[in-house]
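Inside the fold
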Amino acid sequence: MESAKLSDLPRLAKVLKALFTMALWNVLKSVVLLSIYSSATYAAILQSPSQLSSKKNYDYIIVGGGAAGSALAHRLSETSSVNVLLIEAGSSDYKNLNIEVPQFVGRLGGSQFDWNFTTVAQPGLNGRSIAYERGFVLGGSTSVNFMAYCRGSKDDWDRFARVTGDQGWSYNSILPYAKKMENFVEPIDGRDITNEVILSSHGNSGPIETSVSGYPISIDSRVLNTTTQLSAEFPFNHDYNSVSGNTLGISWAQYTIANGERQSAALGYLDPILNRSNLDIVVNTQVTKLVQTGTSGGLPVFRGVQFSQPGSSKIYSLTASHEVIVSAGAVKTPQLLMLSGIGDSAELSKVGIKTIVNSPDVGKNLQDHPLVTSSFTVNSTNTLDNLNFDPTFAAQQLQLWENGHTGELGLPAANQLGWLRLPSNSTIFKTVPDPSAGPTSAHHEFIFTDSYLGFGGAWPSGGNFLTIFTVVVSPESRGSITLASSNPFDAPVIDAGLLNSDFDIYTMRESIKSMRRFTNAPAWKDWIIAEYGDFANAQTDDQIEAYARASAETINHVSGTAAMGKTGSKGAGSGVLNSDLTVKGTVGLRVVDASAFPFIPAAHTQAPVYILAERAADLIKSINRVY
């Protein structure tokens, strides 16, 4: 059907209403409006840079359409006189079924929605090279992640404030932004959740819808009963996102899932505003270089970008009148800075790039969260394994989801999470300073999954399982991003540095031992049958460490590779960015994404990035009189 013009609606309504019954009228009205909405919705997404108007000038050019880039595009285009261009390397297919359905998250790694990076051999993982998943679609990694929603602890944010000398990054200062970006909604089953979350701690009008799990599952009562039976080690926390900023304990998990559907940055921040005439989004297009466009006060001005498409020899160029904002993520952002002559001069010279700004911390300080998944066989047939091992049941559940977003496919990976600290008298602290941000930040995390779930090796062909993730969330280990070549379409060299410190392997070992104590509570008696696979053979400390090194992967929270430091400080270790996220030694250039964190939050990182971007938008607006 050809889309109707808005001006035609009244006349069209009269004709249709006269010809059809009221019931049929209601159906046709929906179709007409959907046609109009669809036409407007997708008019602003350009599939090629050749579709950009040569007559349009942009105030802001944003590189990368992930969590931060989408949030910035939304906020900066709120004023109609400000023109914003968002450039995304991936596709616009953020409403693909595999992205929308929460339980299809396992299909996304290694797909067309993934950059398909791999790390170099990791000494801490027995020399294994592992996949390094990053979102390659509008919405970035919010379109492919496991959707966990965690703001980070009070100590995480207060440490950012101390390191940068900017109290605007303190927990009390960022809390309004945490609420601004969020719209907490009730779960799809409509149950009373007053015992699961503190509603007053949450926002209710922001772009990103969040909630707890849509339905209870069989292990909920066992997890929660354990917090009563072993409360000293595993206390219950009513809400790890409460305004107190204390994340510690076992809590109901919160997700960027609402009404059984993933809520990505593209869906929340971009989809509702695609009819803004002052916002253009071009996809399938990679920014290949940040271009110096002049000097100001003796500093290079970087307001230009070059961009192209893979396999094309045509290079496009644009210049922003105010700023270029790089939000390409903690892998691609440092790569783009280095390709543009901003980085460690010794590293740049190795690949023949002339240094414009010698910034030795670019690509350094990489931090990530290593995980190990350990499984148990269980005395139950009522687990989520049926989705994996019973094709008929899985097809029925897909039908339920397609009919109304109900059923098990709308569930997250876990209904509860645990944020935990090592005992203060742990032997590791005799030789290693505590790398966590403080007493409200966890050292390690539990994720409770009502099925078999593993990221390496062969899966079982059937059965019923409990899987518990153990995750090191305050790592001491550091890695790096470096250039493989000066070709922007070559992947960078990624050294994730996983488990390469004494603290990290100690914490992983103790987390696995703690998890065993958790499952030895009376709540699990007669339900857990046995430990499964290599996990069962890892009993001594040495065996557990060997098991961890042989099986650990990443939870994909890469951070810190273009970190903030104190404004104006110089030299190695002082950071790449000023506290307002502008790139040191430049004019007109800013970085807003997870690479900016000086330390990785003890949290799943999408919510902290949204918070970062919300404050960044206000910082940018504060220096532009138009807002």
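Computed from a prediction, not measured in an experiment: that's the story for all the values here. (Residues numbered from 1 in each chain as written. Predicted model: local features only at pLDDT ≥ 70, side-chain atom pairs only at ≥ 80, totals over all residues. Heavy atoms only, no water.)

1. Concerning the overall build of the protein
As a reminder, the rule being used: The helix count covers DSSP runs of H or I at least four residues long, the strand count covers runs of E at least two residues long, and both are numbered beginning at the N terminus. Throughout, radius of gyration means the C-alpha value; the globule benchmark is 2.2 Å times the number of residues raised to the power 0.38. Working rule for contacts: check all heavy atoms of both residues, and any pair within 4.5 Å makes them a contact. Accessible surface is estimated by sampling points in the Shrake-Rupley manner with a 1.4 Å probe; for residues, cover comes only from the protein chains shown. The positive count covers Lys and Arg only, the negative count covers Asp and Glu only, and His and the chain ends enter neither. Think of each charge as sitting on NZ of Lys, CZ of Arg, CG of Asp or CD of Glu.
When its secondary structure is counted, the protein shows 15 helices and 28 strands. For 627 residues, the compact-globule estimate of 2.2 N^0.38 gives 25 Å, and the C-alpha radius of gyration of the protein, at 25 Å, lies within 12% of that figure. Taken along its principal axes, the extent of the C-alpha atoms in the protein is 75 × 70 × 45 Å. Contacts in the protein between residues at least 24 apart in sequence constitute 73% of all its contacts with a sequence separation of at least 6. With the model as given, the accessible surface of the protein reaches about 23,700 Å², and the carbon-plus-sulfur share is 52%. Between the mean site of the 45 positive side-chain charges and the mean site of the 54 negative ones, the protein shows a separation of 9 Å.

2. As for the side chain of E614
How we decide: Think of it in three bands: residues with accessible area under 20% of the maximum for their type are buried, residues over 50% are exposed, and the middle band is partly exposed, with areas taken using a 1.4 Å probe on protein chains only. Definition of a polar contact: a pair of N or O atoms within 3.5 Å, with one able to donate and the other able to accept a hydrogen when the atoms are protein atoms, and with sequence-neighbouring residues admitted only if both atoms are side-chain atoms.
If you trace the backbone, E614 turns up in helix 15 (residues 606-622). Classification of E614 by relative accessible area gives buried; the value is 0%. Looking at E614, its side chain comes within polar contact range of the side chain of R75, at 2.9 Å. What E614 contacts, discounting residues up to four positions off in sequence, is R75, Y177, K180, M181 and Y269.

3. Description of the packing of aromatic side chains
For any two aromatic rings, the description comes down to two numbers: the centre-to-centre distance and the angle of the planes. Condition: Aromatic pairs are defined between Phe, Tyr and Trp rings, using the six-membered ring for Trp, whenever the two ring centres lie within 6.5 Å; interplanar angles under 30 degrees are classed as stacked, those over 60 as edge-to-face, and all others as tilted. Either the NZ atom of lysine or the CZ atom of arginine qualifies as a charge over a ring when it sits within 6 Å of the ring centre and within 35 degrees of the ring normal.
Applying the stated criterion to the full structure yields 24 aromatic pairs. When the centroid spacing of 5.0 Å and the interplanar angle of 75 degrees are considered together, the rings of F465 and Y532 count as edge-to-face. Within this pair, whereas F465 is found in strand 23 (residues 465-472), its partner Y532 is found in the loop between strand 26 (528-531) and helix 14 (541-551), the two being separated by 67 residues in sequence. Judged by centre distance (6.2 Å) and plane angle (50 degrees), the rings of F518 and W524 are tilted. Within the aromatic cluster, the residues linked to one another by ring pairs are F234, F446, F448, F518, W524 and W527. Lying over the aromatic face of F104, R107 brings its terminal NZ or CZ to 3.5 Å of the ring centre. In this arrangement the basic side chain of R159 is found over the ring face of F599, its NZ or CZ atom lying 3.8 Å from the centre.

4. As for the environment of S129
Along the polypeptide, S129 turns up in the loop between strand 4 (117-118) and strand 5 (131-132). Its relative accessible area of 45% is what places S129 among the partly exposed residues. Separated by 391 residues in sequence, S129 and N520 have C-alpha atoms that sit 34 Å apart. In this view, S129 contacts T118, T119, V120 and A121; residues no more than four positions away in its chain are not counted. A distance of 2.3 Å separates a polar side-chain atom of S129 from the backbone oxygen of T119.

5. So, the layout of surface pockets
Where empty space is left in the structure can be found by rolling a water-sized probe over the atoms. Using the following cut-off: Definitions used for this entry: grid spacing 1 Å over protein atoms alone; cavity, a set of points where a 1.4 Å probe fits but cannot get out; pocket, an open set with protein on both sides within 12 Å along at least 5 of 7 lines; lining residue, one with an atom within 4 Å of a point. Grid points are joined across faces, edges and corners, and a volume is the space filled by probe spheres set on the points. Amino acids are sorted into nonpolar (Ala, Val, Leu, Ile, Met, Phe, Trp, Tyr, Cys and Pro), charged (Asp, Glu, Lys and Arg) and polar (every other residue, Gly among them).
There is about 390 Å³ of room inside the second largest pocket. At the level of elements, strand 20 (370-378) and helix 14 are the ones that each hand at least two residues to the lining of the second largest pocket. Of the residues in the lining of the second largest pocket, the class split is nine nonpolar, eight polar and three charged.

6. Notes on the side chain of T226
Among the structural elements, T226 can be located in helix 7 (residues 220-229). At 2.8 Å, the side chain of T226 forms a polar contact with the backbone oxygen of R222. Other than its neighbours up to four places away in sequence, T226 contacts S231, F518, A521, A523 and W524.

7. Observations concerning the nonpolar core
Heads up, the condition is: Nonpolar cores are built from buried Ala, Val, Leu, Ile, Met, Phe, Trp, Tyr and Cys residues. Side-chain atoms within 4.5 Å join them into one set.
Core analysis: the largest hydrophobic core is formed by 138 residues, its most contacted members being L72, W169, L290 and W524. The biggest single contributor to this core is helix 15, with 10 residues. Apart from residues no more than four positions distant in its own chain, L290 is found in contact with F302, G304, V305, V324, V326, L336, L337, S340 and L589. With 26 residues, the next largest nonpolar core counts L108, C150, Y240 and A603 among its residues.

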